[in-house]
Amino acid sequence: MRKPLFIGNWKMNLTGSEATDLAKKITMSLGSVEDVDVAIAPSYLAMRPVSSIVSASRIELCSQDLHWEDKGPFTGEVSGAMLAELRVKYVIVGHSERRRNFGETDLMINMKIDAALRNNLIPIACLGEKGEERLAGKTINVVRKQMNALLEGITPDQARNINLAYEPVWAIGTGHNATPEQAQEVHKFLRDQLTKRFGEVAREMHILYGGSVRPDNIYDLMMQPDIDGALVGSSSLDAEHFSAIVRYRDRKPAAV
Ligand code: PGA
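Residues numbered from 1 in each chain as written. Predicted model: local features only at pLDDT ≥ 70, side-chain atom pairs only at ≥ 80, totals over all residues. Heavy atoms only, no water.

What follows covers the pairing of strand 8 (residues 229-232). Residues Gly229 and Leu231 point to one face of strand 8 and Ala230 and Val232 to the other, with burial holding for every one of them. Bridge count between strand 1 (residues 5-9) and strand 8: 4 bridges; the pairing is parallel. Residue pairing for strand 8: Phe6 is matched across the bridge by Ala230. In this sheet, strand 8 lies alongside strand 7 (residues 207-210) in parallel orientation, the contact comprising 2 bridges. Bridged to Tyr209 within strand 8 is Ala230. (Buried < 20%, exposed > 50% of the residue type's maximum accessible area, 1.4 Å probe, protein only. Helix = DSSP H or I, 4+ residues; strand = E, 2+ residues; numbered from the N terminus. Pairing = 2+ DSSP bridges.)

So, in structure tokens, the structure goes:
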């Protein structure tokens, strides 16, 4: 049974004091929540103060990125070893904003997955098609190719500690989420591919959905059998919205 996992990606938002305030609100509202796992991904600079706020709660820390080397001449970068020391549990790799704005390739992301595992961090590896690729009917081919490249050289034992996030690029920050059926189709495809590759281990791997997740659409998304949680951007910057997403079961429509 995969326990739902929700990760709030704060991206390049919030100063240190704003991040601390939001972390306090989220901790108050979700600190003892059960039956789900929750993490927040502040900026590197806010990681330490946020870490001390969430440390007594069930909320975990996630990093928005890491470098593929553990140390060395990489000005401006942060390594897995540095994150692990702060008790970071998860790390997002290959977000489409990094692919688009910073030239990240599937090979770099594959190396980042390796670096995360080496440092006992759980990678959340992102993939997803662009709008024009979906319109051209190429979605499945695109995600297949990305997934194969990202997981190159990964053993079943390593796969146990890897999560995927299906994030259609056209849904990120646009207010237009994939419908539950569109998302499920891709998640099911990914699960089948993972099963071919890793066998039984694929049942333990989380496949998160990301792209305009909100309190009003999360319940229907979570009802899909292969959607195991969400990577949440803008809605995670509002404590009430993020809490409502994590507590999606409370929104269950009344039986008719
Ligand atoms: P969004 O971002 O929720 O603002 O669409 C999602 C993401 O980038 O992971």
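Don't stop here, the text continues.
This part is about the site of the ligand. Lys11, His95, Glu167, Ala171, Ile172, Gly173, Gly211, Ser212, Leu231, Val232, Gly233 and Ser234 make up every residue found near the ligand. The contact in question runs from an oxygen atom of the ligand to an N or O atom on the side chain of Glu167, over 2.6 Å. Measuring from an oxygen atom of the ligand, one finds a backbone N or O atom of Ser212 at 2.7 Å. Protein chains bury 98% of the 280 Å² of accessible surface belonging to the ligand in isolation. Broken down by class, the residue content of the shell around the ligand amounts to 4 nonpolar, 6 polar and 2 charged. (Near = heavy atom within 4 Å. Polar contact = N/O pair within 3.5 Å; in protein donor to acceptor, adjacent residues only side chain to side chain. Areas by Shrake-Rupley, 256 points an atom, 1.4 Å probe, with all protein chains shown as cover. Nonpolar A, V, L, I, M, F, W, Y, C, P; charged D, E, K, R; others polar.)

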